[in-house]
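# Chains, contacts and geometry: an overview
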Amino acid sequence: MKPEECDVIKRGYALIDMDAIRFNVSSMLDNVDEGTGMVLVIKTDGYGHGAVPIAKAGETIDRVWGYAVACPEEAFCLRRAGCSKPILILGHAFEYAYEKLISLDVRPATFTEEMLEALSKAASACGRAAKIHVKVDTGMGRIGIRPDDEGLEFVKKALNMPMIEVEGLFTHFARADEADKSHANRQIGLFEAFADRIEAETGTRIPCLHCSNSAGILELRHANMDLVRAGITLYGLWPSDEVSRDAVALRPVMSLISHVSYVKTVEPGTRISYGGTYETDSVRRIATVPIGYGDGYPRSLSGRGEVLIRGRRVPIRGRVCMDQFMIDVTDVPGVRMGDKVTLIGTDGDETITMEDLGDLSGRFNYELACDVGKRIPRAYVSGGELLDVILDGESLTFDGANADLS
Ligand SMILES: *Cc1c(COP(=O)(O)O)cnc(C)c1O
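On a predicted model such as this, the values are computed, not experimentally measured, just so you know. (Residues numbered from 1 in each chain as written. Predicted model: local features only at pLDDT ≥ 70, side-chain atom pairs only at ≥ 80, totals over all residues. Heavy atoms only, no water.)

Looking now at the pattern of salt bridges. Between side chains of opposite charge, pairing is possible as soon as their charged atoms come close. A complete count under the given rule lists 27 salt bridges for this structure. For the salt bridge of Asp392 with Lys374, the shortest nitrogen-to-oxygen distance reads 3.5 Å. Of this pair, Asp392 sits in the loop between strand 21 (385-391) and strand 22 (394-395) while Lys374 sits in the loop between helix 11 (365-371) and strand 20 (378-382); the two residues are 18 residues apart in sequence, bridging distant segments of the chain. Among the residues examined, Asp392 registers a relative accessible area of 52% and is labelled exposed. Lys374 sits in the exposed class, given a relative accessible area of 64%. The network of salt bridges with common partners includes Asp105, Arg107, Arg128, Lys131 and Glu167. (Salt bridge = Lys/Arg side-chain N within 4 Å of Asp/Glu carboxyl O. Helix = DSSP H or I, 4+ residues; strand = E, 2+ residues; numbered from the N terminus. Buried < 20%, exposed > 50% of the residue type's maximum accessible area, 1.4 Å probe, protein only.)

The following block contains the structure:
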């Protein structure tokens, strides 16, 4: 199937460019040490792009060590889909999930004695050791042991606990995406000193040390260690506008596409959308787009966002509704119902990035990607072929003329 075939889903779809995923991974790997593996961070359904297809791509890339998710349910979903590489849970896993996550070989971030004991007990019940990654808080202030005497006692306890295998030790940067790297460098120093102290006092070198997120991969090569955790950059998006865009080339993975659902000519003095906040001052052509904040398209783009149509950039007029919004197409000749509308992506010479939408809406690019709604089908393309279209975890069947959305 050709990518254009998903265009039958007129209301809207997110095009996910799997070649861009592979490009971004290899481009990042070129910028990290040869001995460093990569963890694909695919929490929140792969930042809205779809965790399973991305993990399936990761299965075939040698230097991809495994995947990171936020909670056990996300890990179980990957195992159900047949993904076999290691999975790390970055957040706190509560006790109800321990037996299942041990039996599925999922590694929880571990940082309290209660967790250690409960994991050890669950591992005995499963008859298989629990692999854990100890989380160290070096300056994020979120979860993790402190890199101090008490923290060291915790690590010693973990190393001696029956049925527990300490596979990893990791920390997370709070400010690596800032131009000033002094805070991130302080965190690296604390983490390295703590890992050294563990080794000196226990004689054990924990096999997987890791601290870098996307910003670290881009700019803190001395923080590579055994693994790096690639999140936002995997999707071709930037951690902030302060990070350098020179070292690593990235290609945006997601485009968001809809089509005109109505077009009309209105008289001067016509008010558009809820609240009548916009009033035409002359005869205008107004088109309707059937996407709204119910799809994760920010309501704060009301009266200030832009979309692309026929290769031209046109303004949103009036408020963005839950399922629809209006654009002014007066300056674009020939706009008709069914015309393609690009909300994120490229049309001709014009491009709207997730970052542009973030700037215009006063929101965060990470948040916008995660928010692309469940009712938007994701269409996966690679090598000029349409691989699959997935809506809410289900693959849609295609007969070329009609998308079977049932
Ligand atoms: C989300 C997350 C990441 C990925 O962060 P990016 O900025 O998207 O690269 C890495 N590590 C931890 C602990 C996280 O929570």
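Below, the discussion takes up empty space enclosed by the protein. Where empty space is left can be seen by rolling a probe of water-molecule size over the atoms. A full pass over the atoms with the stated rule returns 1 cavity of 30 Å³ or more. Within this model, the largest cavity holds a volume of roughly 50 Å³. Lining the largest cavity, in full, are Leu256, Asp295, Gly296, Tyr297, Pro298, Ile344, Met354, Leu357, Leu368 and Val372. Taken together, the residues that form the lining of the largest cavity break down as 8 nonpolar, 1 polar and 1 charged. (1 Å grid on protein atoms, 1.4 Å probe; cavity = no way out; pocket = protein on both sides within 12 Å on 5 of 7 lines; lining within 4 Å. Points joined across faces, edges and corners; volume = space filled by probe spheres on them. Nonpolar A, V, L, I, M, F, W, Y, C, P; charged D, E, K, R; others polar.)

This next bit is on the packing of aromatic side chains. Across all of its chains, the model carries 4 aromatic pairs by this definition. Each ring, one from Tyr47 and one from Tyr366, has its centre 6.0 Å from the other, and the planes form 35 degrees; the classification is tilted. Taken together, the residues span a long stretch of sequence, with Tyr47 in helix 2 (residues 43-47) and Tyr366 in helix 11 at a distance of 319 residues. Classification of Tyr47 as buried rests on a relative accessible area of 6%. The exposure class assigned to Tyr366 is partly exposed, which follows from its relative accessible area of 23%. Ring geometry for Phe364 against Tyr366: centres 4.5 Å apart, planes inclined by 10 degrees, an arrangement best described as stacked. (Phe/Tyr/Trp six-rings, centres within 6.5 Å; stacked < 30°, edge-to-face > 60°.)

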